[in-house]
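A structural walkthrough
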Amino acid sequence: ASGKLVGEPMTDEDIADTIEAFAKAAAAAKEIGFDCVELHGAHGYLMSEFLSAHANTRTDGYGGSLEKRMRFPLEIFEATRQVWPADRPLGIRISASEYADGGWSIADAIIFVTELKRLGCDFVDVSGGGVVAHQKIPLGPGYQVPFAEAIKRATGMVTMTVGMITEPRQAEAILAEGKADLVALGRAFLRNPRWVWDAADALGGEAFCPPQFLRGRTTPLPQPAARA
């Protein structure tokens, strides 16, 4: 034995149970009172494995052509949309590219997002990679922004962009230039949980700050109101 873990293809029953589980999770989120749900269909998670021509080697109705590879993720989204309130945002995170020849591409992603929009998707969080080990990712500041921009221009979908976006003015420029509608940060907040305060200070904006923390801000402290 090689010691490698080898998965087994999901049965039709597995697929139906998984779709139902996603819908139940969204229904629970609704009852709890969450304002927004984002499904995770990127980075080698289950939906992105079905989308990938490298990972998905099925020969039934859920594998082969792009249409068939999209079927399972679209069925998940449709079932979730049916239980999630129309007045609360429902989106999905996708990998816009596998960064591997012959794999999922931005052209595929645009087709996928077009179908998601038809089903009532409110936004797409556009990331990339994480599906195959032989990926070659050209890392650099804002390296995935062009994916969000291409999807936004091709489909009109509200897009969120991610990927080495670390500086307030960098994030602001992405929004101001219409390359994306939303910017998500991860590691920047791990380094600095008060990143929003720094962004507000740098851009002349406002950010909530508890009074006990005001002395840590670089902006002038608010002055007490004058007595009449």
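In the block above lies the structure referred to throughout.
Cut-offs applied
- Residues numbered from 1 in each chain as written.
- Predicted model: local features only at pLDDT ≥ 70, side-chain atom pairs only at ≥ 80, totals over all residues.
- Heavy atoms only, no water.
- Phe/Tyr/Trp six-rings, centres within 6.5 Å; stacked < 30°, edge-to-face > 60°.
- Helix = DSSP H or I, 4+ residues; strand = E, 2+ residues; numbered from the N terminus.
- Buried < 20%, exposed > 50% of the residue type's maximum accessible area, 1.4 Å probe, protein only.
- Lys NZ or Arg CZ within 6 Å of the ring centre and 35° of its normal.
- Patch = residues over 30% accessible without salt bridge, like charges linked within 9 Å, V, L, I, M, F, W, Y side chains within 5 Å.
- Areas by Shrake-Rupley, 256 points an atom, 1.4 Å probe, with all protein chains shown as cover.
- Salt bridge = Lys/Arg side-chain N within 4 Å of Asp/Glu carboxyl O.
- Lys, Arg positive; Asp, Glu negative; His and termini not counted.
- Charge placed at Lys NZ, Arg CZ, Asp CG, Glu CD.
- 1 Å grid on protein atoms, 1.4 Å probe; cavity = no way out; pocket = protein on both sides within 12 Å on 5 of 7 lines; lining within 4 Å.
- Points joined across faces, edges and corners; volume = space filled by probe spheres on them.
- Pairing = 2+ DSSP bridges.
- Contact = heavy atoms within 4.5 Å.
- Axes fitted to C-alpha atoms, helices over the stretch in contact; angles between N-to-C directions.
- Parallel < 35°, antiparallel > 145°, perpendicular 65-115°, else oblique.
- Left-handed = near helix turned anticlockwise from the far one by under 90°.
- Nonpolar A, V, L, I, M, F, W, Y, C, P; charged D, E, K, R; others polar.

1. Side note on the packing of aromatic side chains
Summed over all chains, the structure comprises seven aromatic pairs. Arranged with centres 4.4 Å apart and planes meeting at 45 degrees, the rings of Phe50 and Phe72 form a pair that is tilted. Taken together, the positions of Phe50 in helix α2 (residues 46-51) and Phe72 in helix α3 (residues 66-83) put the pair 22 residues apart, joining distant regions of the chain. The same class applies to Phe50 as to Phe72, namely buried. Judged by centre distance (5.9 Å) and plane angle (55 degrees), the ring pair of Tyr99 and Phe147 falls under tilted. Of this pair, Tyr99 sits in the loop between β2 (90-95) and α4 (106-118) while Phe147 sits in helix α5 (residues 145-155); the two residues are 48 residues apart in sequence, bridging distant segments of the chain. The exposure classification of Tyr99 matches that of Phe147, with both residues buried. Lying over the aromatic face of Trp197, Arg194 brings its terminal NZ or CZ to 5.0 Å of the ring centre.

2. Examining a negative patch on the surface
A cluster of like negative charges, contributed by Asp12, Glu13, Asp14 and Asp17, occupies part of the molecular surface. With respect to the secondary-structure elements, Asp14 resides in helix α1 (residues 12-32).

3. A closer look at empty space enclosed by the protein
Inspection of the entire model under this criterion finds one cavity of 30 Å³ or more. Considered as a void within the structure, the largest cavity measures approximately 60 Å³ in volume. Every residue lining the largest cavity is listed: Gly41, Ser48, Leu51, Ser52, Ile94, Ser95, Glu98, Trp104 and Val131. Among the secondary structure elements, those contributing two or more residues to the lining of the largest cavity are α2 and β2.

4. A word on the sheet that holds strand β3 (residues 123-127)
Strand order across the open sheet formed by five strands is β1-β2-β3-β4-β5, with parallel pairing between neighbours. Single-partner strands in this sheet number two, and they are β1 (37-41) and β5 (182-183). One ladder, built from five bridges, connects β2 with β3; its direction is parallel. Its bridge partner being in β3, Ile94 is matched across the sheet by Val126. Docked against the sheet, α4 engages β2 and β3, running at close to 170 degrees with respect to β2.

5. What about the packing of α4 against α5?
Relative orientation and spacing of two packed helices are given, respectively, by the angle between their axes and the distance between those axes. The geometry of α4 relative to α5 is characterised by a closest axis approach of 10 Å and an angle of 50 degrees between their N-to-C directions. Taken together, the axis directions place α4 and α5 in an arrangement best described as oblique. Our pair here, α4 against α5, has a crossing hand that is right-handed. Residues Ile106, Ala109, Ile110, Val113, Thr114 and Lys117 of α4 touch α5, and the partners they reach there are Phe147, Ala150, Ile151, Ala154 and Thr155. The residue makeup of the contact of α4 with α5, split by class, is eight nonpolar, two polar and one charged.

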